[in-house]
2 protein chains.
Amino acid sequence: MYKQNLTDNVRVVLSHTTHPGNIGAAARAMKTMGLRHLYLINPRHFPDPQASAMAAGADDVLENAVICDSIDAALEGVVFTVAMTARLRDISIEVKTPRVAMPELLQHAQQHPVALLFGTEMSGLTNAEMGKAQVLVNIPTHPDFSSLNVAAAVQVMCYEFAVASESFVPSVPEVQPARYEQMESYFAHLEKTLFEIGFFTTQKPDRMMQRLRRLYARARLEQEEINILRGMLSVTTEYNARLKIRYQQEQAQRIAQST
Amino acid sequence: MYKQNLTDNVRVVLSHTTHPGNIGAAARAMKTMGLRHLYLINPRHFPDPQASAMAAGADDVLENAVICDSIDAALEGVVFTVAMTARLRDISIEVKTPRVAMPELLQHAQQHPVALLFGTEMSGLTNAEMGKAQVLVNIPTHPDFSSLNVAAAVQVMCYEFAVASESFVPSVPEVQPARYEQMESYFAHLEKTLFEIGFFTTQKPDRMMQRLRRLYARARLEQEEINILRGMLSVTTEYNARLKIRYQQEQAQRIAQST
């Protein structure tokens, strides 16, 4: 019934969960839909008896949960992250429905780790966390009451995953998608370079980096492309460094000549 | 976004819920998807602080919940009931997926009350309860762990309802579907008649009635058809009664002649 390689490649990542009962309920929701890799970023209380009580038989999912101290640790090796959002505006990344997002997630999950990323109960994911995803998903709710419980959201997403995987037709992937840490290294390299070349003297760094993240999230970068882009950055820096050296040499020459 | 008449006609019916927290979580799940009519058949603890805590803002749904002492009270006036089942075998009514069941439910909900019926935590709905529905729905789960929490099941069903209602195209209904109590009166009339005519001397009544319920559930009876069927039953009984009277008269005659 379930395609083992697909389910094995899916991580459910809960960021800064406040109530341990929600972690247990999420574990149970996952297991009913055949998913079992739970990652917890700085949970407030875990392990906790309330989590175990709400897991109601999904104890193995809790026992094997990976506790991480950063989103970078939780998403290491992941090539495609779907992040949940309750907001539809003020967001710079694509926002899709669960049903529309699943086929692409499944396509990646054939061969690589993928992640479903859920935020903290009161405020959801931060902009910085959302910026690390390729796709944002909003579970449509009634405009007067959009307060979906995080475990209920996990249930809906895992259900959509299971239903989509039933009718999923694998296709042969032509490319090697960039992994999470390759993307993050690229963004760090890009930001550093933009500082070096003085780009941020006229632009706000954080806002600009969010826009660039959006652009590259849409592009679904391949590993090879990351190499090309980083190569361009390196050459830019070297060019800049050479310019600087030449400028310093010329300046030294001028000083030598004038004395 | 949501079609008010559709959501107004949907009842979420929870039968014999054990844990009040599940009632609260179900109310919250309903409200996020625009549903608000909650019916509780003999809940073990309600109202209860745990229910209110888990409702997390859906207090109005709890406050307006209708507490019933029987399934007949909860389904009065309903023309189409979708009952949840975790089992796929040993069942005599149609079993559909949530996605397949929703369009028919929406079609009825345009003009008449409809119900989503959920069983008790440990054992689900009884066969008798399922026999009162037109369609059974199974939320597909992993074969090794099908233990879906009742509030999680409510979330999935209400979510499927909301998604389906977004793309729903109403059609003009041609018939007046029979209401729940008309169906039940017919089944009671049918059973009584079958007893009277001696049909059950060779058949087990309960099992036979379940089979007949299945047949008429599939048929989606109209009110007019109920009248026709009950008319047939009445004539059968009267014919039977006339036969009996004639037999008694003839017997009396024979006794009179022989003395």
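Up top is the structure these notes are about.
Summary of the structure given here. (Residues numbered from 1 in each chain as written. Chains lettered and ligands numbered in written order. Predicted model: local features only at pLDDT ≥ 70, side-chain atom pairs only at ≥ 80, totals over all residues. Heavy atoms only, no water.)

### Overview of helix α9 (residues 180-196) of chain A
All names here are of chain A.
Then, in step 1: Helix length check: α9, at 17 residues, gives a terminal C-alpha distance of 24 Å against a target of 24 Å (1.5 Å per residue), a fit within 8%.
Then, in step 2: Within the span of α9, buried status applies to Tyr-180, Gln-182, Met-183, Glu-184, Tyr-186, Phe-187, His-189, Leu-190, Thr-193 and Leu-194.
Then, in step 3: Buried residues in α9 make contact with α5 (71-74), α10 (205-219) and α11 (223-258).
Then, in step 4: Phi turns positive one or two residues past the end of α9, at Gly-198, with a value near 80°. (Helix = DSSP H or I, 4+ residues; strand = E, 2+ residues; numbered from the N terminus. Expected span 1.5 Å × (residues − 1). Buried < 20%, exposed > 50% of the residue type's maximum accessible area, 1.4 Å probe, protein only. Contact = heavy atoms within 4.5 Å.)

### Brief notes about the nonpolar core
Then, in step 1: Ranked by internal contacts, the top residues of the largest apolar core, which has 96 residues, are Val-12, Leu-38 and Phe-118 of chain A together with Val-12, Leu-38 and Phe-118 of chain B.
Then, in step 2: Once residues lying within four places of it in the same chain are set aside, the contact partners of Leu-38 of chain B are Val-12, Leu-14, Ile-23, Ala-27, Met-30, Val-61, Leu-62, Asn-64, Ala-65 and Val-66 of chain B. (Core = buried A, V, L, I, M, F, W, Y, C linked by side-chain atoms within 4.5 Å.)

### What about the sheet that holds strand β5 (residues 95-96) of chain B?
Whether parallel or antiparallel, the strands of a sheet pair through hydrogen bonds between backbone atoms.
All names here are of chain B.
Then, in step 1: The parallel open sheet is built from seven strands, whose spatial order is β3-β2-β1-β6-β4-β7-β5. Strands at the two margins of the open sheet, each flanked by one partner only, are β3 (66-68) and β5.
Then, in step 2: Bridge count between strand β4 (residues 80-84) and strand β6 (residues 114-118): four bridges; the pairing is parallel. Looking across to β6, one finds that Val-82 is bridged to Leu-116.
Then, in step 3: Contacts from helix α2 (residues 20-32) reach β1 (10-15) and β2 (37-41) within the one sheet, and its direction differs from that of β2 by about 155°.
Then, in step 4: With respect to the sheet, helix α6 (residues 98-109) is in contact with β4, β5, β6 and β7 (135-137), its orientation differing from that of β6 by roughly 145°. (Pairing = 2+ DSSP bridges. Axes fitted to C-alpha atoms, helices over the stretch in contact; angles between N-to-C directions.)

### Considerations on the pairing of strand β4 (residues 80-84) of chain A
Residue and element names in this part refer to chain A.
Then, in step 1: Burial analysis of β4 places five of its five residues in the buried class, the great majority of the element.
Then, in step 2: Side chains Phe-80, Val-82 and Met-84 project from β4 onto one buried face, and the interleaved Thr-81 and Ala-83 project onto a second face that is buried too.
Then, in step 3: By the bridge criterion, three bridges tie β4 to strand β7 (residues 135-137) in an arrangement that is parallel. Pairing of Val-82 across the sheet is with Val-135, part of β7.

### Some points on the side chain of Lys-31 of chain B
Residue and element names in this part refer to chain B.
Then, in step 1: Residue placement: Lys-31 occurs in helix α2.
Then, in step 2: At a separation of 3.3 Å, a polar atom in the side chain of Lys-31 contacts the main-chain carbonyl oxygen of Gly-57.
Then, in step 3: In terms of polar contacts, Lys-31 uses its side chain to reach the side chain of Asp-60, at 3.1 Å. (Polar contact = N/O pair within 3.5 Å; in protein donor to acceptor, adjacent residues only side chain to side chain.)

### Concerning the interface of chain B and chain A
Quite often, the size of an interface is put as the accessible area lost when its parts meet.
Then, in step 1: At the junction of the two partners, chain B supplies 29 residues and chain A supplies 28 residues.
Then, in step 2: When the buried area of chain B at its contact with chain A is split by residue, Arg-99, Phe-145 and Tyr-159 of chain B rank highest and sum to 25% of it.
Then, in step 3: On inspection of chain B and its partner chain A, the count reaches two salt bridges.
Then, in step 4: With a closest N to O distance of 3.1 Å, Glu-160 of chain A and Arg-99 of chain B form a salt bridge.
Then, in step 5: Counting every contact that joins chain B to chain A gives eight residue pairs in polar contact (both at pLDDT 80 or more).
Then, in step 6: Looking at the side of chain B that touches chain A, the elements with two or more residues in it are α2, α6 and α8 (150-166) of chain B.
Then, in step 7: Across the side of chain B that touches chain A, the residue classes tally to 16 nonpolar, nine polar and four charged. (Buried area = accessible area lost by both parts, 1.4 Å probe. Salt bridge = Lys/Arg side-chain N within 4 Å of Asp/Glu carboxyl O. Nonpolar A, V, L, I, M, F, W, Y, C, P; charged D, E, K, R; others polar.)

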